[in-house]
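Commentary on secondary and tertiary structure
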Amino acid sequence: MLVDRYGRAITYLRISVTDRCNLRCQYCMPEEGTDLFAKSEILSYEELDEVVAVAVELGITKFRITGGEPLVRKDLPAWIGRLRARVPGIRSLAITTNGLLLAPHAAALRAAGIDKVNLSLDSFDREVFARLTRRDSLADVLEGLSAAEAAGFPVIKLNAVLMRGWNDREIPTFLDVARRRRLHVRFIEFMPNGEWNDPSLVVPVGEVVEAIQAAGFVADRGPDGHGPARYWRHPEGVGTAGVISPVTAKFCENCNRIRLNARGELRGCLLDEEMVPLRDALRAQGRDGIRKAFLRTLSMKPEKHYDVRTFHMSTIGG
Ligand code: SAM
Ligand code: SF4
């Protein structure tokens with residue numbers, strides 16, 4: 001079991017498989033995209049298998065595949081299937097996606113062994129979606145969401161980053177979805193960053209909780225047991241609504257996660273720029289190198305994070 005300097009057990013690894021993306025969300029990427037990692041720098045699927053095998057050996061049981069947009073990486077569902085077969089001991093394997101390519105891939109992802117899907121969708125309004133993501137693709141995302149429901153994933157979460165003046169008026173629409181569909185709708189507090197460093201866009205979580213309760217939702221355990229989200233359920237509803245508040249209510253003392261970016265750098269905290277170069281260690285020393293990189297990341301994991309940084313979320317996957 002991996003335990004850091006502050007007594008936190010680390011059981012969760014988020015793996016970014018690419019820094020490429022088919023959207024250009026204003027809060028995440030500039031219109032022209034970011035400087036992309038070179039192909040030779042990116043960990044191959046075989047190398048990722050090794051990383052996951054060592055992580056499982058060290059007591060990590062929960063994994064999330066993210067990006068950039070993970071579904072733009074070629075043959076992702078086939079890799080997931082191979083990973084599941086090669087590395088027993090993975091308890092939970094989730095994916096975070098913008099949903100654009102989910103319709104063609106949802107069934108294959110489920111068959112390959114993905115248990116949980118987090119779909120990021122900030123607006124049900126076509127015009128707002130297009131302005132926010134710089135792509136007029138809402139219809140594809142909605143189709144992806146329906147395909148995920150049809151594919152029978154045990155857990156589907158719909159994550160919406162709320163921003164004042166952009167989509168805060170859609171809270172009732174999202175709550176209606178949480179009543180009618182078997183989904184966990186989660187309102188995520190916007191994190192001002194290098195792309196959009198405007199704290200006035202943050203919708204404080206207290207305001208969202210008030211709206212949820214005013215709509216008749218009552219406190220619920222939610223799908224996670226314990227995690228950074230708090231949940232509510234409508235007495236007549238089939239889904240839940242939740243909130244995550246990295247800005248106004250931090251959850252660092254219970255943080256159980258570390259992150260790996262697509263070029264094989266480990267990060268102890270989303271908002272810490274210190275990274276451990278796992279790829280070189282892996283290529284020089286194999287599993288031993290991976291082990292050392294995990295232990296070094298743990299020794300550097302900060303006690304808590306700060307608010308505003310200058311990195312692009314797309315390179316580390318949120
Ligand atoms: N492309 C995939 C997607 O959008 O789901 C996965 C990567 S994306 C970086 C992961 C999550 O980070 C998304 O839900 C996105 O909304 C969130 N995110 C990106 N920038 C953010 C910011 N400044 N504040 C809050 N959440 C952010
Ligand atoms: Fe792409 Fe996800 Fe970033 Fe949007 S939030 S630009 S979908 S990586």
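Here, the structure is the one placed above.
What comes next concerns the included structure. (Residues numbered from 1 in each chain as written. Chains lettered and ligands numbered in written order. Predicted model: local features only at pLDDT ≥ 70, side-chain atom pairs only at ≥ 80, totals over all residues. Heavy atoms only, no water.)

As a further point, take helix H7 (residues 205–214). Each α-helix turn comprises 3.6 residues. Residues three or four places apart therefore point the same way. Where H7 is concerned, the buried positions are Val 205, Val 208, Val 209 and Ile 212. Down the axis of H7, the smallest arc covering the buried residues is 100 degrees, so these residues share one side. Away from its buried face by more than 90 degrees, H7 exposes Glu 210 and Ala 214. Buried residues belonging to H7 abut strand S7 (155–162), helix H6 (171–180), strand S8 (184–189), strand S10 (230–233) and strand S11 (240–244). Backbone geometry just after H7 places Gly 216 at a positive phi near 90 degrees. (Buried < 20%, exposed > 50% of the residue type's maximum accessible area, 1.4 Å probe, protein only. Helix = DSSP H or I, 4+ residues; strand = E, 2+ residues; numbered from the N terminus. Arc of directions from axis to C-beta. Contact = heavy atoms within 4.5 Å.)

Okay, the pairing of strand S6 (residues 116–120) next. Where strand S5 (residues 92–97) lies against S6, four bridges are found, and the strand directions are parallel. Pairing of Ile 95 across the sheet is with Val 117, part of S6. In this region the chain leaves S5, passes through helix H3 (residues 102–112) and returns to the parallel neighbour S6; the handedness of that crossover is right-handed. Here S6 pairs with S7 via five bridges, running parallel. Counterpart to Asn 118 in the pairing with S7 is Lys 157. (Pairing = 2+ DSSP bridges. Right-handed = clockwise from strand over helix to strand, strands pointing away.)

A cis amide bond, omega 20 degrees, links Gly 67 with the succeeding residue Gly 68. Inspection of the secondary structure puts Gly 68 in the loop between strand S4 (62–66) and helix H2 (76–86). Phi is positive for Asp 75, close to 60 degrees, though the residue is something other than glycine. By the element assignment, Asp 75 lies in the loop between S4 and H2. Among the residues examined, Asp 75 registers a relative accessible area of 47% and is labelled partly exposed. Positive phi, close to 60 degrees, is recorded for Arg 134, a residue that is not glycine. As for its position among the elements, Arg 134 is in the loop between helix H4 (126–133) and helix H5 (138–151).

What follows is about the site of ligand 2. Neighbouring residues of ligand 2: seven residues in total, closest Cys 21, Leu 23, Cys 25, Cys 28 and Asn 98. Looking at the shell around ligand 2 residue by residue, the class counts come to four nonpolar, three polar and no charged. (Near = heavy atom within 4 Å. Nonpolar A, V, L, I, M, F, W, Y, C, P; charged D, E, K, R; others polar.)

Time to look at the pattern of salt bridges. Taken as a whole and judged by the stated rule, the model has 19 salt bridges. Residue Asp 49 pairs with Arg 86 through a salt bridge whose shortest N-O separation is 2.6 Å. Highlighted residues: Asp 49 in helix H1 (residues 45–57) and Arg 86 in helix H2, separated in sequence by 37 residues. The exposure class of Asp 49 is buried, given its relative accessible area of 5%. Between Arg 126 and Asp 136 there is a salt bridge, with its nearest N and O atoms 2.7 Å apart. Of this pair, Arg 126 sits in helix H4 while Asp 136 is found in the loop between H4 and H5, placing the two residues ten residues apart along the sequence. Judged by relative accessible area, Asp 136 falls into the partly exposed class, the value being 46%. (Salt bridge = Lys/Arg side-chain N within 4 Å of Asp/Glu carboxyl O.)

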